[in-house]
Amino acid sequence: MAALPDWLDRLPDAGEQRALDEWAIGERGIPGLDLMERAGTGLADLVGEVAPSGRIVVVCGKGNNGGDGFVAARLLRERGREVDVLLLGDVEDLRGDARANAERLPGAPPTPFVASVLDGAAAVIDAILGTGFSGEPREPAVGAITAINSAAADVIACDVPSGVDASTGEVAGVAVRARATATFHAAKPGLWIDPGKTRAGDVRVIDIGIPDGGPGEPQVGLISDRATDEIPRRGRASNKFAAGSVLVCGGSLGLTGAPSMASEAAMRAGAGYVTACVPSSLMLIVGSHLLEVMSVALPDTAGSLEARGVEQVLERADRADSMVLGPGLGREPEAQEFARQLARYAPVPLVLDADGLNAHAGSIELLAEREAATVLTPHAGELARLLETDTESIGARRLESARLAAREAQAIVLLKGDDTLVAAPDGRVGVSRGGAPALATAGTGDVLSGVIGAFLGKKMDPFHAACSGVLVHARAGRLAAQEIGPEGVIASDVIAALPRALASRAA
């Protein structure tokens, strides 16, 4: 099992977190009651921030998640808050640390769950199902989750919103929609991967005293600002070729902006030499947009590339360091054949995007035959076509889908979204923190492809290049939004912000 690079912040899944808990208790001698006390304390503190006044309702399950809820309820009562504690099940069914903390409650003991108790509450703590849950909730959890979602109160989830799979973010049935989630020791993948990310709200990680080290090696991590620290930079001895030479191949009638934006983005991301390979009949249009980018005219029919242009690109590829294939390519049969042949024979690291991906719909395994590195950048619809499924299935199982595609293509697969996932064939996954809504506009995907192409041209490791590209792209989107507001950002604004995004961690 490969170790995650140190620029990814580890996200242990349910099994890995359980092993860490057992190790802390069994090997390091930390009492489970102490871990639960710290978890409940952090949960109570977060509730106090989200809802500083008003009545609180704590809804507890029978396991350790409920035990954390009992601790929070006790502390909130001791702080003078009015707290109702509801239990799904019988007190007699509680065991271990959860039972001990139920017995420590001052004031009224837990009472059976009744939905009407939620009426008028300022906040509800969801302490029903913990990180060990997967699948579809059953009664009485289903009724309680439904009632919590209907309540006019701020919801704070304990460790993970009930109904969300902590390991994957999948939601098979109903799931709590929280304003905030207090999660313990480390965030879990399901809190950062949709649809779980949408249910989790703001995520607060609570240190509960588990030491560093321990068993297991998480395979999923959040992309941190440290990812950009090792991007090669221009030095005194640099020249335009040393900074990386990138080929951008695509374009068709009505879609000349896509290769233009990918090319300019590659330049702004630090490439020293970029060449746009576009249909001959569209050269004047593309050339009028690109002053610093070289251009090559390829044979076309009515503005659509022909397969016989592949040899011309391959000749250029011998002097290039990376290639971006697909922006604006279109779906004419000849153009699609152009993409398939070029992807197969290109001897340099390749970013395959847009209609370059669609050219491989249903035949993703052909990409595994490539000798050089490959990075695929699909949105959910494009990945659905590659895997011969539907968009809804991709959206419901984003982590599983990205990993499957990475294995089948033997490529880095970048599944776009606010939770953009970067999956490697060996199972490692980088997850974007997102938070750049300004990127939801046409052309920003072409920008991202150009950025990754530039980083590959600098001979970065493909997984690192893709994760760094996602991070810089999001930074640039936020910087552009700061200047003109997120609703007015267009792709060229993101391109203009790329140099500042590369220069600053604070973006």
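Residues numbered from 1 in each chain as written. Predicted model: local features only at pLDDT ≥ 70, side-chain atom pairs only at ≥ 80, totals over all residues. Heavy atoms only, no water.

*Asks:* Describe the overall build of the chain, naming the residues involved and giving the relevant values.
*Replies:* Broken down by element type, the chain carries 17 helices and 20 strands. The C-alpha atoms of the chain give a radius of gyration of 26 Å, which matches the 23 Å a tight globule of 507 residues would have. Projected onto its principal axes, the C-alpha coordinates of the chain cover approximately 80 × 45 × 45 Å. Taking all 507 residues of the chain together, 58% fall into the buried category. Looking at the chain as shown, the accessible area adds up to about 19,800 Å², and 49% of this sits on carbon and sulfur atoms. Taking the average place of the 47 positive charges on the side chains of the chain and the average place of its 66 negative ones, the gap between the two points comes to 4 Å. (Helix = DSSP H or I, 4+ residues; strand = E, 2+ residues; numbered from the N terminus. Rg over C-alpha atoms; globule rule 2.2 N^0.38 Å. Buried < 20%, exposed > 50% of the residue type's maximum accessible area, 1.4 Å probe, protein only. Areas by Shrake-Rupley, 256 points an atom, 1.4 Å probe, with all protein chains shown as cover. Lys, Arg positive; Asp, Glu negative; His and termini not counted. Charge placed at Lys NZ, Arg CZ, Asp CG, Glu CD.)

*Asks:* Report on the sheet that holds strand 9 (residues 220-223), specifying residues and quantitative values.
*Replies:* Backbone hydrogen bonds hold the strands of a sheet together, and the pairing may be parallel or antiparallel. A sheet is described by the order of its strands in space; here eleven strands give the open sequence 1-9-20-19-18-17-16-15-10-11-12, paired in mixed fashion. The open sheet has two free edges, formed respectively by strand 1 (8-10) and strand 12 (294-298), since each of these has just one partner strand. Across the sheet, the mean angle from the axis of one strand to that of its neighbour is 20°, orientation sign disregarded. Pairing geometry for strand 10 (residues 245-249) and strand 11 (residues 273-279), over five bridges, is parallel. (Pairing = 2+ DSSP bridges. Axes fitted to C-alpha atoms, helices over the stretch in contact; angles between N-to-C directions.)

*Asks:* So what about helix 16 (residues 462-484)? Which residues, and what values?
*Replies:* An ideal rise of 1.5 Å per residue puts 33 Å on 23 residues; helix 16 measures up with 33 Å between its terminal C-alpha atoms. Across the 23 residues of helix 16, 18 count as buried, placing the element largely inside the fold. Where helix 16 starts, the residue carrying a side-chain oxygen 3.1 Å from the main-chain nitrogen of Phe-463 turns out to be Asp-461. (Expected span 1.5 Å × (residues − 1). Polar contact = N/O pair within 3.5 Å; in protein donor to acceptor, adjacent residues only side chain to side chain.)

*Asks:* Before we move on, can you summarise the packing of helix 2 (residues 32-50) against helix 4 (residues 96-103) with the specific residues and values?
*Replies:* Look at helix 2 against helix 4: their axes get within 10 Å of each other, and the N-to-C directions meet at 60°. Taken as axis vectors, helix 2 and helix 4 run oblique relative to one another. Note on packing geometry: the crossing formed by helix 2 with helix 4 is right-handed. In this structure, helix 2 contributes Gly-32, Leu-33, Met-36 and Glu-37 to the contact, and helix 4 contributes Asp-97, Ala-98, Ala-100 and Asn-101. A breakdown of the residues in the contact of helix 2 with helix 4 according to their chemical character gives four nonpolar, two polar and two charged. (Parallel < 35°, antiparallel > 145°, perpendicular 65-115°, else oblique. Left-handed = near helix turned anticlockwise from the far one by under 90°. Contact = heavy atoms within 4.5 Å. Nonpolar A, V, L, I, M, F, W, Y, C, P; charged D, E, K, R; others polar.)

*Asks:* I'd like a description of the pairing of strand 7 (residues 180-184), backed by residues and values.
*Replies:* A large share of strand 7 lies buried, amounting to five of its five residues. Alternating residues of strand 7 divide into Ala-180, Ala-182 and Phe-184 and Thr-181 and Thr-183, and every residue in both groups is buried. By the bridge criterion, five bridges tie strand 7 to strand 8 (residues 202-206) in an arrangement that is parallel. Pairing of Thr-181 across the sheet is with Val-203, part of strand 8.

*Asks:* Would you mind going over unusual backbone geometry in detail, with residue names and values included?
*Replies:* A cis amide bond, omega 5°, links Glu-139 with the succeeding residue Pro-140. When you line up the elements, Pro-140 lands in the loop between strand 5 (123-127) and helix 5 (141-150). With an omega of 5°, the peptide bond running from Asp-194 to Pro-195 counts as cis. Its location among the elements puts Pro-195 in the loop between strand 7 and helix 6 (196-200).

*Asks:* Summarise the sheet that holds strand 4 (residues 111-112); cite the residues concerned and give the values.
*Replies:* Pairing within the open sheet is parallel, and its seven strands lie in the order 4-3-2-5-6-7-8. Every interior strand has two partners, whereas the edge strands, strand 4 and strand 8, have only one.

*Asks:* So what's going on with the packing of helix 15 (residues 444-457) against helix 16? Residues and values would help.
*Replies:* Interaxial distance between helix 15 and helix 16 falls to 9 Å at its minimum, and their mutual angle equals 135°. It follows that helix 15 is oblique to helix 16 by the angle criterion. Like other packed secondary-structure pairs, helix 15 and helix 16 cross with a definite hand, here right-handed. Along the contact surface, helix 15 presents Thr-444, Val-447, Leu-448, Val-451, Ile-452, Phe-455 and Leu-456, while helix 16 presents Pro-462, Ala-465, Ala-466, Ser-468, Gly-469, Val-470, Val-472 and His-473. A class-by-class count of the residues in the contact of helix 15 with helix 16 yields eleven nonpolar, four polar and no charged.

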